[in-house]
Amino acid sequence: FIKQFDKNSSFIGDDGALVDNIVYSNDAFFEDVHFKKNWFSLKQIARKAMLVNISDAIAMNAVPKYALLTVAIPKEYTKKDIKELSQGFLEVAEEYGIEIIGGDTISNIKLDISVTIISKTNDAKLRGGIKKDDLICYTGDLGTCKKDLEKLLAGKKISKKSKFYEPKLKADFFYEVSKYVNAAMDISDGLFFELERMSKQSKVGFKFFDDISPEIACSGEEYELLFSFSPKNINKIEEIAKKHDVILNIFAKANKGKFRCDCKNHHF
């Protein structure tokens, strides 16, 4: 749907819209599209709804300042349920220094949440900044969220520490390393999905150093950072990663060409 507006707006195409050093990002978190209610507590749902949006801001090297919340709540929810939801939103807002400045609540059949985060940046990182011969890197481990989603769909339990429940954002690391980064985004739909988006925006292809399995390439809901940088800065970036105890995976180099993703959509 958003693609229909691409030709008419220069702001569409990144994790958020950059307007005069302000980043506006918005994500929906809908019951039976992004989660099933029996998988999460209400507090976990609210926390994840906030965190996946904050992830966009971090990936653009923007510091979140304000949030607008729209929550569609089933009629059968009690005051206790609503308090638990509110607690999740407020906890994350406090952790990241965000002020919730408004929004809307409506009655609905299912629990649907839309979060808008307003962030500030002096050096935004976009998807279109990859330069030829840049190294391409992602943080952390990929693949566990796809496995955990498959377990949940099969009626099995997953670890309470799973990233599918709560993304592990790396704000401090990225804000420090950003001065050496040419392009970035977060991994929400899967590594190869995001690489196709970066390929399109930067007009580059990728030479992979090793084969990447579908379990890693196609795992969504990871919210790790994907970014490019000049080879001359590799030592500085590795030092900062070590300082923040962040795993770096340098897996490709940018070259001429295009990249197309053949993963299936990870949503259920």
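Quick notes on the rules
- Residues numbered from 1 in each chain as written.
- Predicted model: local features only at pLDDT ≥ 70, side-chain atom pairs only at ≥ 80, totals over all residues.
- Heavy atoms only, no water.
- Helix = DSSP H or I, 4+ residues; strand = E, 2+ residues; numbered from the N terminus.
- Rg over C-alpha atoms; globule rule 2.2 N^0.38 Å.
- Contact = heavy atoms within 4.5 Å.
- Pairing = 2+ DSSP bridges.
- Axes fitted to C-alpha atoms, helices over the stretch in contact; angles between N-to-C directions.
- Buried < 20%, exposed > 50% of the residue type's maximum accessible area, 1.4 Å probe, protein only.
- Left-handed = near helix turned anticlockwise from the far one by under 90°.
- Nonpolar A, V, L, I, M, F, W, Y, C, P; charged D, E, K, R; others polar.

(A) The overall build of the chain, seen in detail. Looking only at helices and strands, one finds seven helices and ten strands in the chain. Since a compact globule built from 268 residues should have a radius of gyration of about 18 Å, the 18 Å found for the chain is in line with a globular shape. Each principal axis of the C-alpha atoms in the chain carries an extent, and together these give about 55 × 45 × 40 Å. Summarising the internal contacts of the chain: among those between residues at least 6 apart in sequence, 86% fall at separations of at least 24.

(B) Spotlight on the sheet that holds strand β2 (residues 22-30). Spatially, the five strands line up as an open sheet ordered β1-β2-β5-β3-β4, and their pairing is mixed. Only two strands of the sheet have a single neighbouring strand rather than two, namely β1 (17-19) and β4 (99-108). Across this sheet, the average inter-strand angle for adjacent strands is 15°, counted without regard to direction. Here strand β3 (residues 63-74) runs beside β4; their pairing, made up of nine bridges, is parallel. Across the sheet, residue Ile73 finds its bridge partner in β4, namely Ser107.

(C) Broad picture of the pairing of strand β9 (residues 225-229). Buried residues dominate β9, accounting for five of its five residues. Every second residue of β9 is oriented toward a common face, with Leu225, Phe227 and Phe229 on one face and Leu226 and Ser228 on the other, all of them buried.

(D) Quick peek at the environment of Asn53. By the secondary structure assignment, Asn53 is in helix α1 (residues 42-59). Accessibility expressed as a relative area gives 0% for Asn53, which makes it buried. Between the C-alpha atom of Asn53 and that of Ala28, which follows or precedes it by 25 residues, the distance is 8.8 Å. Aside from chain neighbours lying at most four places away, what touches Asn53 is Ser25, Asn26, Asp27, Val115, Thr116 and Ile117.

(E) Inspection of the packing of α1 against helix α2 (residues 79-95) at higher detail. The geometry of α1 relative to α2 is characterised by a closest axis approach of 7 Å and an angle of 35° between their N-to-C directions. For the pair α1 and α2, the crossing hand works out as right-handed. Counting all contacts with α1, which are made through Leu42, Lys43, Ala46, Arg47, Ala49, Met50, Leu51 and Ile54, the residues of α2 involved are Asp81, Glu84, Leu85, Gln87, Gly88, Phe89, Glu91, Val92, Ala93 and Glu95. In terms of residue class, the contact of α1 with α2 is built from ten nonpolar, two polar and six charged.

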